[in-house]
Amino acid sequence: MNRAQAQAGVTDAEFELAARESRSFLMQIAVASARNPIDAEDIVQEALMRGFRGIRRFRGDCPLRVWLSRIVVRVAINHHRSLSRRLKRWVFFGDFEVDPEGGTIEFDPPDNSMNVPREAMMDMNKHVSMLPDEFRMPLLMLAIEGLTIPEIAAILEIPPGTVKSRIFYGRKRLRDGLESKRKR
Amino acid sequence: MTKCEWLNSKLETYYCDELTGNDLREFQDHLASCTDCRQQLESLNQIDPLVRGVLQHRLAIAQMAARTRTGRPRVFKWALAAATTLAVAGVLLVIGVRSVQESPAPPIAVHPPALQSPIETDGIKKSSAEEQNVNLGKPLDGTPVQPVPQPYLDDALPNGPEFAIADAGQTYTLEAYRGRVLLFAVVSSDQKLAVSTLEQIYEAFGSNGRVRILGVARHRDDDFRGAKFPLFVNNGSKLLGAKAGEFRMLDATGKTKLEGSLADPASAARIKSELGQLGIR
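Residues numbered from 1 in each chain as written. Chains lettered and ligands numbered in written order. Predicted model: local features only at pLDDT ≥ 70, side-chain atom pairs only at ≥ 80, totals over all residues. Heavy atoms only, no water.

1. Things to note about the overall build of chain B
Okay, step 1: Within chain B one finds 8 helices and 7 strands.
Okay, step 2: Residues counted as buried form 42% of the 281 residues belonging to chain B. (Helix = DSSP H or I, 4+ residues; strand = E, 2+ residues; numbered from the N terminus. Buried < 20%, exposed > 50% of the residue type's maximum accessible area, 1.4 Å probe, protein only.)

Next up, the structure:
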């Protein structure tokens, strides 16, 4: 354990344990941050690898899962920008209908436990995909069970007031999008 | 401004929990009496359950994709790798044949392609650039191929910036250190003297918030476990001209104040003296 790790109190074994325990949480953060959910697993893998390598920079001033979530968000943003990965997706998922820009996936929602009509869900998914990152991320993060506004603010490294404001405008855009479709 | 317009203008404040006192009372009173405004608020409140549904839907897709990937990708990866190798071999063959036709040429080393935007990419991408630093086949006159040395991360890319280092997916340029003294050294784990000198300096001054002391690893795979200073990797930058074992000290405005080699036993004293002159103890 080096000095920075000692200061933060994180050994390699503790990091591995925390990473294992936070994995499903990080997967949700990745799904909320990625344009396309099929990238989420890759994003989490890469973020954990970077987290392990960069653990020296963890100063213990926030929970480890928040620190790891920040890396997940950064990786997700960079991931979308990478053309090579987008091309690779076509190779691996050629038998799914994937829109490389918007990340809309045209097959039945596997989970309909929310009791929402399929068409409404697909519409909503499309509109959510079209939201800019700054609105989509906090809005989807708010839907993660147990994640609070201060935690979202810590993950996105913006003030809580800004998170609330972006969530509001995200909701408004979604509502306006759905209403304009209904009127057509 | 009508009451409805007023309520509309206060919606953001209301959702941000910042509407208080008389404004909040007025807002609630109008809401109780106006069906249109109430419907507007309800339509906004109906978005959240749908978003939760979208998140669940996306999570299920992510899990399905992860399962699909563990079952299928290797075949595709190998197929892709094989196809790429064949394509590269074909291109090299054509180049080779052309060069024979034109004039006998010495072995050509292809330099790593320039990063289009070093800030947006991290060091991991460069490892693939490194891999492309290959010799293009055997020379035609039969002389043995000279092995191309593995490039280090402190080798700047052709259009690399002056200074860009990365850690945990984040890239830092000199801007990040403005307002503080920056001391960095380019190190590799086999340079014991340079590493221990940097450790000594970090031990002495690292806790002072006015200075940032860090190492820039020459190679990603260098084992620096136990190093007592923060470690970064070069992101294709020129590192202000610093080579292996060398250091640079910049003042708060980004101007280089001191440079040299950490292998020089006098360097530690020079650095300490310069830091002292800058008021850092």
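2. Description of the packing of aromatic side chains
Okay, step 1: Scanning the model with the defined rule gives 8 aromatic pairs over all chains in all.
Okay, step 2: Measuring from centroid to centroid gives 5.6 Å for Y14(B) and Y15(B), while their planes differ by 85 degrees, and the two rings are edge-to-face.
Okay, step 3: For Y14(B), a relative accessible area of 26% puts it in the partly exposed group.
Okay, step 4: With a centroid separation of 4.3 Å and an interplanar angle of 20 degrees, the aromatic rings of Y14(B) and F27(B) are classed as stacked. Residue Y14(B) is located in helix α1 (residues 3-15), and its partner F27(B) is located in helix α2 (residues 21-33); the two are separated by 13 residues in the primary sequence.
Okay, step 5: On the accessibility criterion, F27(B) (0% relative accessible area) is buried.
Okay, step 6: Members of the aromatic cluster, each reached through a chain of ring pairs, are F168(A), Y169(A), Y14(B), Y15(B) and F27(B).
Okay, step 7: The positively charged end of R65(A) is found above the aromatic ring belonging to F25(A), 3.9 Å away from the centroid.
Okay, step 8: Taking NZ or CZ as reference, K3(B) lies 4.9 Å from the ring centre of W6(B), over its face. (Phe/Tyr/Trp six-rings, centres within 6.5 Å; stacked < 30°, edge-to-face > 60°. Lys NZ or Arg CZ within 6 Å of the ring centre and 35° of its normal.)

3. As for unusual backbone geometry
Okay, step 1: Although it is not a glycine, E157(A) adopts a positive phi angle of roughly 55 degrees.
Okay, step 2: Note on placement: E157(A) falls in the loop between α8 (149-156) and α9 (160-183).
Okay, step 3: The backbone of D17(B) shows a phi angle near 60 degrees, a positive value even though the residue is not glycine.
Okay, step 4: Relative to the helices and strands, D17(B) resides in the loop between α1 and α2.
Okay, step 5: Owing to a relative accessible area of 57%, D17(B) belongs among the exposed residues under this scheme.

4. Considering the confidence of the model for chain A
Low-confidence regions, as indicated by low pLDDT, have predicted coordinates that should not be scrutinised in detail.
Residues and elements named next belong to chain A.
Okay, step 1: Summarising the model, chain A shows a mean pLDDT of 77, and 74% of its residues fall at 70 or more.
Okay, step 2: Least confident of the elements in chain A is helix α1 (residues 3-8), whose mean pLDDT is 48; most confident is helix α7 (residues 133-142), at 94.
Okay, step 3: Here residues 1-7 scores under 50 on pLDDT; set against residues more than four positions off or in separate chains, the count is 15 contacts.
Okay, step 4: The model gives residues 90-113 a pLDDT under 50, and that stretch makes 57 contacts with residues more than four places away or in other chains. (pLDDT = per-residue confidence, 0-100. Contact = heavy atoms within 4.5 Å.)

5. Points about the pairing of strand β6 (residues 246-250) of chain B
All names here are of chain B.
Okay, step 1: The buried fraction of β6 amounts to 4 of the 5 residues, a majority that puts the element mostly inside the structure.
Okay, step 2: Pairing of strand β3 (residues 181-187) with β6 involves 4 bridges; the strand directions are antiparallel. What sits directly across from L182, in β6, is L250.
Okay, step 3: Sheet analysis places β6 next to strand β7 (residues 256-261), joined by 5 bridges and oriented antiparallel. Counted as the bridge partner of R248 is E259 from β7.
Okay, step 4: In textbook terms, the turn of a hairpin is the stretch between consecutive antiparallel strands, and for β6 and β7 this stretch comprises 5 residues, one of which, G254, has a positive phi near 95 degrees. (Pairing = 2+ DSSP bridges.)

6. Concerning the environment of V54(B)
Okay, step 1: Structurally, V54(B) is set in helix α4 (residues 47-71).
Okay, step 2: Look past the residues within four positions of V54(B) in its chain and what remains in contact with it is M121(A), M124(A), N125(A), V128(A) and L140(A).

7. A look at the nonpolar core
Okay, step 1: Core analysis: the largest hydrophobic core is formed by 58 residues, its most contacted members being I29(A), W67(A), M124(A) and M141(A).
Okay, step 2: When contributions to this core are tallied by element, the ones reaching two or more residues are α2 (12-33), α3 (40-53), α4 (64-81), α6 (118-130), α7, α8 and α9 of chain A together with α4 of chain B.
Okay, step 3: Per-element tally for this core: the top contributor is α2(A), with 10 residues.
Okay, step 4: Inspection of this core shows a minimum of three residues originating in each of domain 1 (1-90) and domain 2 (116-184) of chain A.
Okay, step 5: Apart from the residues within four sequence positions on either side, I29(A) is in contact with S69(A), V72(A), V73(A), M141(A), I144(A), L147(A) and I155(A).
Okay, step 6: Grouped together as the second largest cluster of nonpolar side chains are 24 residues, V181(B), A185(B), V195(B) and I271(B) included. (Core = buried A, V, L, I, M, F, W, Y, C linked by side-chain atoms within 4.5 Å. Domains from an automatic or database assignment.)

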